[in-house]
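Breakdown of the fold
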Protein chains: 2
Amino acid sequence: MAGTDHAKEAHIDAGGPVIVLVEPQMGENIGAAARAMWNFGLRRMRLVAPRDGWPNPAAVAMASGAASLIDEAQVFESTAMATADCNLIYATTARPREMTKRVLTPEAAMAEASAMGGRTAIVFGPERAGLQNSDVALAQAIVSVPVNPAFASLNLAQSVLLMAYEWRRQHDPGAAERIEGEHTLPAAGASVDALCAHLVAELDAAGFFYPDHKRPVMTASLENLIRRAAFTEQDVRTLFGVIRALSGDPPRRG
Amino acid sequence: MAGTDHAKEAHIDAGGPVIVLVEPQMGENIGAAARAMWNFGLRRMRLVAPRDGWPNPAAVAMASGAASLIDEAQVFESTAMATADCNLIYATTARPREMTKRVLTPEAAMAEASAMGGRTAIVFGPERAGLQNSDVALAQAIVSVPVNPAFASLNLAQSVLLMAYEWRRQHDPGAAERIEGEHTLPAAGASVDALCAHLVAELDAAGFFYPDHKRPVMTASLENLIRRAAFTEQDVRTLFGVIRALSGDPPRRG
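Residues numbered from 1 in each chain as written. Chains lettered and ligands numbered in written order. Predicted model: local features only at pLDDT ≥ 70, side-chain atom pairs only at ≥ 80, totals over all residues. Heavy atoms only, no water.

**Looking at the overall build of chain A**
When you go through chain A residue by residue, the secondary structure sums to 12 helices and eight strands. Long-range pairs, those at least 24 residues apart, make up 83% of the contacts in chain A between residues at least 6 apart in sequence. When the accessible surface of chain A is split by element, carbon and sulfur atoms take 56% of a total near 12,500 Å². (Helix = DSSP H or I, 4+ residues; strand = E, 2+ residues; numbered from the N terminus. Contact = heavy atoms within 4.5 Å. Areas by Shrake-Rupley, 256 points an atom, 1.4 Å probe, with all protein chains shown as cover.)

Right, dumping it as structure tokens:
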């Protein structure tokens, strides 16, 4: 029932890029890369000649909740073999190479991959050393994270994380903004009108608007302040209570 | 000469958000957060009641190249004090809260912060537990990374990394795509015309275009393939050599 197991994430990984780790050294880093992938719904990991062989218990231990990606990881002898079935191949590098190649931001690369369809591979080099030029040459383009030139120290899992994040952002952007909570809609105009009227009446009673010729400007400014806040109906009820309390009216019970 | 020391990154941190870590536990995680910040040019770190006191040698050791952020970190007794001078306060949380609050993606939040100006704080809770509701209440809005609902396991430094990445992306997006290498311009039209003509002539000589009535379609298709590739002048010279070699012409020397 593998189909059922993966049903929940199927909409995320559909066409999601293959993450290819070339000659990764520490098993812990392979596990951390798996976690980074799965945080953003990517699950296809390929390894080229992992230094400490395969399977690697340290990778499984580090991956914890993402251990199924480690179980399903495929191992290849060369980067060419690991990307042989991929239509779009990106090489991740931090430093410039002596070759003519397009260099994309993670955002641009994942937008391109989303638009292009087919199978995409994102290829990561070994910790510290990075990809060899012969591996970079296999790629159609380079992806480079625009880090601080004074301090570029992304580790393998962080690099994978940013690519996976950008993939998910392109592929399943969701709502940029939503309102959380029970009473989420701003209050109806009439409620806010009533609140404003009540506040102005109480302030009038308290002699707040002085001198009198400034009253129109002051009330307009107050109303603007209140309307801009986009209070909910519950907020409006609360504020009625606040105004009553401040103005010494007895609280309404029941 | 602090101004000189920081001149290089001044254009990045200008208005960059303050990163507030509330009750962080492991010094190593504080150090890793500093690295994540500095990777994307943020340098203002504030700590609220760090569990193991301050200074913390483990934080300095982990921060390595970003240790100056640790040296300059400010320590506060409460989240309210740490954010007292901030105009825009975002609370990062992974789980829903029982309060009415805007919830933004990192992208939307950093776009808003960039547009708004003023001093922005991004507040992160302790490892595992996350922010208390009383700290979330201080914020104008919540920022939540849209992770895989089946696996949400970002650690503190990764959460900081993604916010810092989004800040830099909004603030200093740079070129989404560029071409790297010495001979970066596509070759002039005349060079490509000459290449196409040479290839077609050699293929004619080899009897490639058969049957004859298909010749126009076949040459158009070949030319299209070549023009689409956007070869550089160097590429064109190389391909002339390739064609000559394949067609048995003696190589041109000197």
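**Things to note about the pattern of salt bridges**
Residues and elements named next belong to chain B. As enumerated under the stated definition, the model contains 24 salt bridges over all chains in all. Here Glu107 makes a salt bridge to Arg169, at a shortest N to O gap of 3.2 Å. One end of the pair, Glu107, is in helix H7 (residues 106-116); the other, Arg169, is in helix H9 (residues 156-171), and 62 residues separate them in sequence. Assessed through its relative accessible area of 13%, Arg169 is described here as buried. Here Asp193 makes a salt bridge to Arg227, at a shortest N to O gap of 2.9 Å. (Salt bridge = Lys/Arg side-chain N within 4 Å of Asp/Glu carboxyl O. Buried < 20%, exposed > 50% of the residue type's maximum accessible area, 1.4 Å probe, protein only.)

**Details of the nonpolar core**
Leu21 and Met45 of chain A together with Leu21 and Met45 of chain B are the most contacted members of the largest nonpolar core, which has 82 residues in total. When residues no more than four places from it in sequence are discounted, the contact partners of Met45 of chain A are Ile19, Leu21, Ile30, Ala33, Ala34, Met37, Leu69, Ile70, Ala73 and Gln74 of chain A. (Core = buried A, V, L, I, M, F, W, Y, C linked by side-chain atoms within 4.5 Å.)

**With respect to the relation of the copies chain B and chain A**
Overlay of chain B on chain A (RMSD 0.2 Å): rotation 180°, translation along the axis 0.1 Å. One copy is carried onto the other by what is essentially a two-fold rotation axis. Both copies present the same face, since 100% of the interface residues in chain B are matched by interface residues at the equivalent positions in chain A. (Least-squares fit on C-alpha atoms with pLDDT ≥ 70 in both.)

**Notes on the side chain of Lys101 of chain B**
In this fold, Lys101 of chain B is placed in strand S5 (residues 101-104). Lys101 of chain B gets classed as buried once you look at its relative accessible area, which sits at 10%. Here the side chain of Lys101 of chain B touches Val136 of chain B through a polar contact of 3.4 Å, landing on its backbone oxygen. There is a polar contact of 2.6 Å between the side chain of Lys101 of chain B and the backbone oxygen of Ala139 of chain B. Those residues in contact with Lys101 of chain B that sit more than four places away from it in its chain are Arg178, Ile179 and Glu180 of chain A together with Val136, Ala137, Ala139, Gln140, Ala141 and Ile142 of chain B. (Polar contact = N/O pair within 3.5 Å; in protein donor to acceptor, adjacent residues only side chain to side chain.)

**Re helix H10 (residues 189-205) of chain A**
Residue and element names in this part refer to chain A. Over its 17 residues, H10 extends 24 Å from the first C-alpha to the last, a length consistent with the 24 Å expected when each residue adds 1.5 Å. Every buried residue of H10 is listed here: Ser191, Val192, Leu195, Cys196, His198, Leu199, Val200, Glu202 and Leu203. Close packing links the buried residues of H10 with helix H11 (215-228) and helix H12 (233-246). Gly207 lies just past H10 and shows a positive phi near 75°. (Expected span 1.5 Å × (residues − 1).)

Purely geometric numbers; function is a separate question.
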